[in-house]
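Now for the letters of each chain:
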There are 2 protein chains.
Amino acid sequence: MPSDPDTKAQILKAAKSALLNTGYSGLSTRKIADEAGVPLSQIHYHFGSRHNLVLALLDRENQKLLTRQQETFLSEMPLWKRWEQACDYLEDDLRSGYVRILQEMTAAGWSDDDIAAAVRDILKGWFDLLSGTAAAAAEKLGGLGPFTPEEIGVLAGMPFLGIEAMLLLGFKEKDLPSRSALRKVGSVIRKLEGD
Amino acid sequence: MPSDPDTKAQILKAAKSALLNTGYSGLSTRKIADEAGVPLSQIHYHFGSRHNLVLALLDRENQKLLTRQQETFLSEMPLWKRWEQACDYLEDDLRSGYVRILQEMTAAGWSDDDIAAAVRDILKGWFDLLSGTAAAAAEKLGGLGPFTPEEIGVLAGMPFLGIEAMLLLGFKEKDLPSRSALRKVGSVIRKLEGD
DNA sequence: GTCTAATTCGGTCGATCGACCGAAAGGAGT
DNA sequence: ACTCCTTTCGGTCGATCGACCGAATTAGAC
């Protein structure tokens, strides 16, 4: 009775839901099993351990992002428009829970080498994308000042990670005008491009 | 026998140590008690609950930072030098464990309203400081372009938070040139100031 | 010295955790 | 019909968790 794909996907979906509800520190195999509506033993049958389940969840969430990344990379939009799109993606990813998942996994990685390596791999791919975009922008804009493309990648990407953590913490635009700041950066880029 | 101050401080110190070793999800009252060399019951006598102990630890770590913040606020250094100092502080805080503590608390706040409120208070103070500095810089530099001082505060502070999370995750300068990027921002500020 | 209140200590409670087990149930190939 | 392999299921193990208790100890007031 190989209803395997169903159950496995069901557990992963429940694991995501449980992670969003309780955070990583409150995550337990029993809560996941209850949420999925399957016996506890199913989790260890399909994933072997809680640890492996977490890694599988991270991998599954990342799969979704990879396809979108490649679309963006192939796009020929002007820089300011790509920045705008990145701001839109942030809102999407906040709603979908992906931001929370990745940030929870990042925090878990501070104490777990396997998770840390997995998260670094994911984020490394993102930074390479940003660096590549910066390298292309260097030609268009005539150099990047004192910065290498990789450093521009850092300066473009890190604010998003910091803002994500703050938004998850409950900061509102009134106390931390993060969204308006990001949008205005887009308009500055637009002027730099001479649009 | 009121050796109370000793024991209480000892427990807080052990709590910090345990948090650095195991992360928030692995933190337990027994590990803290063992590390402090006191019976488990002492923790509940002095702090009432694990929850209160965590909040007390956060408050204690923040006290240290507050004094330094005020020193920086009162300083009359040029902007680029303050930025350099912020980079130096980052290295100090990474070594001392303060970065890890605050980032762990931030992540814990995603699932705990009390911790979230406490962390927001701390970071709100930091952002106000940055915004104030940006407002002062606006006069010196002749405006901030399209940005409000608060938005400049966001754009100055958020990269640090993102970079902290990545450094804790084990990113090296080779894969993520975060330190060189931050330092070069300082040199750009220096040119803007016409020094 | 005596009394009082604060502090220390060892022990224990019920709940929850991850992991594992053997038996039952089901589908596929013959 | 039979076998073989995958999957499902309920139950249980030892470990660990936060919280709490009563008794013993100690410092300081008088």
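As shown above, the structure is provided for reference.
In this text, all values refer to a predicted model and were calculated from it rather than measured experimentally.

A.B. asks: What exactly am I supposed to notice about the overall build of chain A here?
C.D. replies: A tally of helices and strands in chain A yields nine helices and zero strands. Written out in order from the N terminus, the α and β elements of chain A read α-α-α-α-α-α-α-α-α. Across its three principal directions, the C-alpha atoms of chain A cover 60 × 35 × 30 Å. For chain A, the proportion of its 195 residues judged to be buried stands at 49%.

A.B. asks: Help me understand the packing of helix 5 (residues 79-96) of chain B against helix 8 (residues 149-168) of chain B in this model?
C.D. replies: A packed helix pair is summarised by two numbers, namely the angle formed by the two axes and the spacing between the axes. All names here are of chain B. Where helix 5 contacts helix 8, the two axes come as close as 12 Å, and the packing angle between them is 30°. Relative to helix 8, the element helix 5 lies roughly parallel. Between helix 5 and helix 8 lies a crossing of right-handed hand. Counted together, Trp83, Ala86, Cys87, Leu90 and Leu94 of helix 5 and Ala156, Phe160, Ile163, Glu164, Leu167 and Leu168 of helix 8 form the full contact between these two elements. Classifying every residue of the contact of helix 5 with helix 8 gives 10 nonpolar, no polar and one charged.

A.B. asks: What am I meant to see in helix 6 (residues 98-109) of chain B here?
C.D. replies: For an α-helix, the turn length of 3.6 residues means that residues three or four places apart are oriented alike. Residue and element names in this part refer to chain B. The end-to-end C-alpha distance of helix 6 is 16 Å, a good match for the 16 Å that 12 residues give at a rise of 1.5 Å each. Within helix 6, 12 of the 12 residues are buried, which leaves it mostly tucked inside the rest of the structure. Within the span of helix 6, buried status applies to Tyr98, Val99, Arg100, Ile101, Leu102, Gln103, Glu104, Met105, Thr106, Ala107, Ala108 and Gly109.

A.B. asks: I'm lost on the packing of aromatic side chains in this one. Help?
C.D. replies: Each aromatic ring pair is characterised by the separation of its centres together with the angle its planes make. With the rule as written, the count across this model stands at six aromatic pairs over all chains. When the ring of Trp126(A) is compared with that of Phe127(A), the centres are 5.3 Å apart and the planes differ by 40°; the resulting orientation is tilted. For the pair formed by Trp126(A) and Phe127(A), the shared burial category is buried. Taken together through their ring pairs, the aromatic side chains of Trp126(A), Phe127(A) and Phe171(B) make up a single cluster. Just above the ring of Tyr89(A) sits the side chain of Arg68(A); from NZ or CZ to the centre is 3.7 Å. Cation over ring: Arg190(B) sits above Trp80(B), and NZ or CZ is 3.8 Å from the ring centre.

A.B. asks: For this particular structure, what's the right way to read the relation of the copies chain B and chain A?
C.D. replies: In this arrangement, two copies of a chain are superimposed by a rotation about an axis accompanied by a shift along the axis. When chain B is fitted onto chain A, the two copies agree to an RMSD of 0.0 Å after a turn of 180° and an axial shift of 0.0 Å. In symmetry terms, the pair is related by a two-fold rotation axis. Both copies contact each other with a shared surface, as 100% of the interface residues of chain B are interface residues in chain A too.

A.B. asks: Can you walk me through the packing of helix 2 (residues 29-36) of chain B against helix 3 (residues 40-47) of chain B in this structure?
C.D. replies: Residue and element names in this part refer to chain B. The geometry of helix 2 relative to helix 3 is characterised by a closest axis approach of 8 Å and an angle of 105° between their N-to-C directions. Viewed along their axes, helix 2 and helix 3 adopt a mutual orientation that is roughly perpendicular. In this structure, helix 2 contributes Thr29, Arg30, Ile32 and Ala33 to the contact, and helix 3 contributes Leu40, Ile43 and His44. Taken together, the residues of the contact of helix 2 with helix 3 sort by class into four nonpolar, two polar and one charged.

A.B. asks: What should I look at first to understand the environment of Ala181(B) in this one?
C.D. replies: Tracing the chain through its elements places Ala181(B) in helix 9 (residues 178-192). By relative accessible area, Ala181(B) is classed as buried at 0%. Excluding residues within four positions of it along the chain, Ala181(B) makes contact with Phe147(A), Glu151(A), Val154(A) and Leu155(A).

Definitions and cut-offs
- Residues numbered from 1 in each chain as written.
- Chains lettered and ligands numbered in written order.
- Predicted model: local features only at pLDDT ≥ 70, side-chain atom pairs only at ≥ 80, totals over all residues.
- Heavy atoms only, no water.
- Helix = DSSP H or I, 4+ residues; strand = E, 2+ residues; numbered from the N terminus.
- Buried < 20%, exposed > 50% of the residue type's maximum accessible area, 1.4 Å probe, protein only.
- Axes fitted to C-alpha atoms, helices over the stretch in contact; angles between N-to-C directions.
- Parallel < 35°, antiparallel > 145°, perpendicular 65-115°, else oblique.
- Left-handed = near helix turned anticlockwise from the far one by under 90°.
- Contact = heavy atoms within 4.5 Å.
- Nonpolar A, V, L, I, M, F, W, Y, C, P; charged D, E, K, R; others polar.
- Expected span 1.5 Å × (residues − 1).
- Phe/Tyr/Trp six-rings, centres within 6.5 Å; stacked < 30°, edge-to-face > 60°.
- Lys NZ or Arg CZ within 6 Å of the ring centre and 35° of its normal.
- Least-squares fit on C-alpha atoms with pLDDT ≥ 70 in both.

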